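Letter by letter, the chains look like this.
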Amino acid sequence: EAGVVQSPRYKIIEKKQPVAFWCNPISGHNTLYWYLQNLGQGPELLIRYENEEAVDDSQLPKDRFSAERLKGVDSTLKIQPAELGDSAVYLCASSSPFGTSGEVDTQYFGPGTRLTVL
Amino acid sequence: AQSVAQPEDQVNVAEGNPLTVKCTYSVSGNPYLFWYVQYPNRGLQFLLKYITGDNLVKGSYGFEAEFNKSQTSFHLKKPSALVSDSALYFCAVRRLSNTDKLIFGTGTRLQVFP
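Predicted model only: the values in this text are computed from it and were never measured. (Residues numbered from 1 in each chain as written. Chains lettered and ligands numbered in written order. Predicted model: local features only at pLDDT ≥ 70, side-chain atom pairs only at ≥ 80, totals over all residues. Heavy atoms only, no water.)

Engineer: Is there a simple way to explain the overall build of chain A in this structure?
Structural biologist: Assigned secondary structure in chain A consists of zero helices and 11 strands. Secondary structure elements in chain A, listed N-terminal to C-terminal, are β-β-β-β-β-β-β-β-β-β-β. Principal-axis analysis of the C-alpha atoms places the extent of chain A at approximately 45 × 25 × 20 Å. Taking all 118 residues of chain A together, the buried fraction comes to 47%. For chain A, the share of sequence-separated contacts (at least 6 apart) that also reach a separation of at least 24 residues comes to 53%. Of the roughly 5,900 Å² of accessible surface on chain A, 51% is carried by carbon and sulfur atoms. On chain A, the mean spot of the 11 positive side-chain charges and the mean spot of the 15 negative ones are 9 Å from each other. (Helix = DSSP H or I, 4+ residues; strand = E, 2+ residues; numbered from the N terminus. Buried < 20%, exposed > 50% of the residue type's maximum accessible area, 1.4 Å probe, protein only. Contact = heavy atoms within 4.5 Å. Areas by Shrake-Rupley, 256 points an atom, 1.4 Å probe, with all protein chains shown as cover. Lys, Arg positive; Asp, Glu negative; His and termini not counted. Charge placed at Lys NZ, Arg CZ, Asp CG, Glu CD.)

Okay, here's the thing in structure tokens:
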């Protein structure tokens, strides 16, 4: 079974430029998460989707960040314009309320996109 | 508010020796507790979780963790460390409600020496 797929793996941009990250969750997982991981820190939730609905976006800086999950499968996270402080790893994860006891509500993470803003 | 503390930034252990990576948590109500491992330039890999039942949880790669409600701890353990276990380990917690977000600790770097 394929895991969570993210692209690109690495992105280098200049400040004030826009950038977008893409995530394809595990097949059948209706819950999708975007996390921000700063160097030396644990991941912090940016936004959580249940199917196509954003049910928790309280930590998303809405002045420059936006996300969408139009068909309830793939998702895109965008930053416009990027700032130097946005340099971090952006992680996508997915989960399902179904499956074995070990799988239920367990979040599975993609490899992340490492963003460098110059 | 939920929180997780990983008091050690780094743990060093010799290969073959037992290892422990510590985690304490604070949450109202009953917790879901998780351990993840992160290798360089990789995402987080799920190791194990505690929801209810037996306080000793067994997970991937020979790891296990013990839930201690009175001490609000969920320490990760392995009887015999491997050099390949060297990585960054994260403890995480959330309440039983499915709408609650996962709160991660700051991570503990495990270094296993040959």
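Engineer: Whenever I open this one, the overall build of chain B confuses me. Can you help?
Structural biologist: A tally of helices and strands in chain B yields zero helices and 12 strands. Each helix and strand of chain B, ordered N terminal to C terminal, gives the series β-β-β-β-β-β-β-β-β-β-β-β. The principal-axis extent of the C-alpha atoms belonging to chain B is close to 40 × 30 × 20 Å. Of the contacts made within chain B by residues no fewer than 6 positions apart, 57% connect residues no fewer than 24 positions apart. Total accessible area computed for chain B in this model is approximately 5,300 Å², and 49% of it derives from carbon and sulfur atoms. Within chain B, the 8 negative side-chain charges are centred at a point lying 7 Å from the centre of the 11 positive side-chain charges.

Engineer: What should I look at first to understand the sheet that holds strand 3 (residues 19–24) of chain A in this one?
Structural biologist: Pairing between the strands of a sheet comes from backbone hydrogen bonds, and it takes one of two forms, parallel or antiparallel. All names here are of chain A. Overall, antiparallel pairing links the four strands, which are arranged 1-3-8-7 in an open sheet. Looking at strand neighbours, the two that pair on one side only are strand 1 (5–7) and strand 7 (65–68), the edges of this open sheet. Between one strand axis and the next, the sheet turns by 15° as a mean value, whatever way the strands run. In the sheet, strand 7 pairs with strand 8 (residues 75–79) via four bridges, with the strands oriented antiparallel. (Pairing = 2+ DSSP bridges. Axes fitted to C-alpha atoms, helices over the stretch in contact; angles between N-to-C directions.)

Engineer: Whenever I open this one, the side chain of His29 of chain A confuses me. Can you help?
Structural biologist: All names here are of chain A. Looking at the element boundaries, His29 is found in the loop between strand 3 and strand 4 (31–37). Among the residues examined, His29 registers a relative accessible area of 13% and is labelled buried. Only 3.3 Å separates the side chain of His29 from the backbone nitrogen of Ser95, close enough to count as a polar contact. Discounting residues that sit within four places of it in the chain, His29 has contacts with Arg69, Ser94, Ser95, Ser96 and Tyr108. (Polar contact = N/O pair within 3.5 Å; in protein donor to acceptor, adjacent residues only side chain to side chain.)

Engineer: Would you take a moment to explain the packing of aromatic side chains for this structure?
Structural biologist: Aromatic rings in a pair are described by how distant their centres are and how their planes are angled relative to each other. Within the structure shown, the criterion is met by 17 aromatic pairs over all chains. For the ring pair Tyr32 of chain B and Phe34 of chain B, a centre distance of 6.3 Å and an interplane angle of 65° mean the geometry is edge-to-face. Seen in terms of ring centroids, Phe63 of chain B and Tyr89 of chain B are 5.6 Å apart; in terms of plane orientation they differ by 45°. Their pairing is tilted. With Phe63 of chain B in the loop between strand 7 (56–58) and strand 8 (64–68) and Tyr89 of chain B in strand 10 (residues 87–95), this pair connects stretches of sequence that are 26 residues apart. Like Phe63 of chain B, the residue Tyr89 of chain B is buried in the burial classification. Among the aromatic residues, those joined into a cluster by ring pairs are Tyr33, Tyr35, Tyr108 and Phe109 of chain A together with Tyr32, Phe34, Tyr36, Phe46, Phe90 and Phe104 of chain B. (Phe/Tyr/Trp six-rings, centres within 6.5 Å; stacked < 30°, edge-to-face > 60°.)

Engineer: What should I look at first to understand the interface of chain B and chain A in this one?
Structural biologist: Interface size is often expressed as the accessible area that is lost when the parts come together. Contact residues are listed per partner, giving 20 residues for chain B and 26 residues for chain A. Of the roughly 1,700 Å² buried at the junction of chain B and chain A (both faces included), carbon and sulfur atoms supply 46%. Broken down residue by residue, the surface that chain B buries against chain A is led by Asn41, Leu44 and Lys101 of chain B, which jointly contribute 28%. Applying the counting criterion to the chain B and chain A interface returns zero salt bridges. (Buried area = accessible area lost by both parts, 1.4 Å probe. Salt bridge = Lys/Arg side-chain N within 4 Å of Asp/Glu carboxyl O.)

Engineer: Help me out: how do you make sense of the side chain of Thr106 of chain A in this one?
Structural biologist: Relative to the helices and strands, Thr106 of chain A resides in the loop between strand 9 (88–95) and strand 10 (108–109). By relative accessible area, which is 0% here, Thr106 of chain A ends up buried. Beyond its immediate stretch of four places on either side in the chain, Thr106 of chain A contacts Ser94 and Ser95 of chain A together with Phe34, Tyr36, Phe46 and Lys49 of chain B.

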